[in-house]
Amino acid sequence: MIQQISVCAAILMVVGLSILETVLGSASMSWGALNAGFWAGPHSHDIAARIIWSLRIPRFFLAFLTGATLAGAGALLQAATRNPLADPFLFGLSSGAATGAVAVIVLCGDLLGIWTAAVGASVGGLFATGALLLLIVFRRKKNLGVSTERVLLSGLAVSFFFSTLTNLLIFWGDRNTAQSVLFWTMGSFSGASWSALPIVGLGFLPVVLCGHTYRRELDALMAGEETAASLGINIQKLRLCVLALCAFGCAMTVALCGPIGFVGLIVPHLVRPVWGSSLKRNFMPAIVAGGMLTVMADILSRCVLPSQELPVGIVISAIGAAFLLVLLLRR
């Protein structure tokens, strides 16, 4: 019964958040202007219609798909590593993607148009994945152990390394470019447009397909590596596929919105009390909840300060810090 209620509540919240995302912004809009602009259509020359169809509706989809991708990746990584603290940001995937995106922006400029940052972020994310795998292989060859806690610590080392490279690139870059890149690293959906949505969609799709394809194998892995091996599951291959697909998905979101942390960590914990620990049941609710969280954070980022937009990464970091404190106090 509680699951049916949560589904209805989620539908109502998504509709309500889409309306708030459209109404609120630097230019306040009345309900009458919203209604007139919406029904005028995307090809109208009316100012309200252009704001709604060219800026705010794409921004809602960008924020929702970004949160959905990060939450789905977090759920997959937590299942693959059997660690409730696993997260694209903590594993260094987001940091590597940010380094690649900043590198092409600072060194190459707008070489490939809107796809420039996406290509750089993809390469950076894959480099971060490769660095993490090299650390794991090194520990295995030296018989140092590759427990899930050590994998997480390896991810933290990779994250710090690529964050340092990102800061160095910002320091060495042109002052004007460095200022814009610095704001981008705090996370923002201000670059939303219809042409940007295929990029984030390209990252969202492999995460969803990964969750749909490997949900049974990951559920078996969460029951224990011995159980998964007894069912004929190649654990190393499974983890490699999950890591690579999550890295690519996060890279696409980083390319458009900057590195946004905590979403992949928080959301799976929020949906498990209602939908259970099985990835087969909680994966899609986590995706929807992740989209709603980032949309709510984007709305807050435009309402906290008058006539000024706060980077959405700051808002989500504040929410994530509060969530971790509550989690520590409860458990």
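In this report, we go over the structure that sits alongside the text. (Residues numbered from 1 in each chain as written. Predicted model: local features only at pLDDT ≥ 70, side-chain atom pairs only at ≥ 80, totals over all residues. Heavy atoms only, no water.)

## Let's talk about the nonpolar core
By size, the foremost hydrophobic cluster in this structure holds 84 residues, and its most contacted members are Leu76, Phe91, Leu218 and Val242. The greatest single-element share of this core, amounting to 14 residues, is contributed by helix H3 (residues 47-81). Setting aside anything within four residues of it in sequence, one finds Phe91 in contact with Leu77, Thr81, Ala86, Leu132, Val151, Leu152, Gly155, Val158 and Leu243. Counting residues in hydrophobic clusters, the runner-up holds six residues, among them Leu34, Ala49, Ile52 and Ile57. (Core = buried A, V, L, I, M, F, W, Y, C linked by side-chain atoms within 4.5 Å. Buried < 20%, exposed > 50% of the residue type's maximum accessible area, 1.4 Å probe, protein only. Helix = DSSP H or I, 4+ residues; strand = E, 2+ residues; numbered from the N terminus. Contact = heavy atoms within 4.5 Å.)

## Observations regarding the packing of aromatic side chains
Under the defined criterion, the tally for this structure stands at four aromatic pairs. Taking 5.3 Å as the distance between ring centres and 80 degrees as the angle between the ring planes, the aromatic pair formed by Phe161 and Phe162 counts as edge-to-face. When its relative accessible area of 8% is taken as the criterion, Phe162 is described as buried. Cluster of aromatic residues (ring-pair linked, three or more members): Phe60, Phe61, Phe64 and Trp194. (Phe/Tyr/Trp six-rings, centres within 6.5 Å; stacked < 30°, edge-to-face > 60°.)

## Re the pattern of salt bridges
Scanning all chains against the criterion turns up five salt bridges. When the shortest N-O distance is used, the salt bridge between Arg59 and Asp298 registers 2.8 Å. In this pair, Arg59 is assigned in helix H3 and Asp298 in helix H12 (residues 279-303), connecting sequence segments 239 residues apart. An identical accessibility class is assigned to Arg59 and Asp298; each is buried. Salt bridges linked by common partners bring Glu21, Arg59, Asp298, Arg302 and Glu309 together as one network. (Salt bridge = Lys/Arg side-chain N within 4 Å of Asp/Glu carboxyl O.)

## Some thoughts on the side chain of Thr22
Within the fold, Thr22 resides in helix H1 (residues 2-23). A polar contact of 2.7 Å, which involves the side chain of Thr22, links it to the backbone oxygen of Ser18. Excluding anything up to four places from it in sequence, Thr22 contacts Leu34, Ile52 and Arg56. (Polar contact = N/O pair within 3.5 Å; in protein donor to acceptor, adjacent residues only side chain to side chain.)

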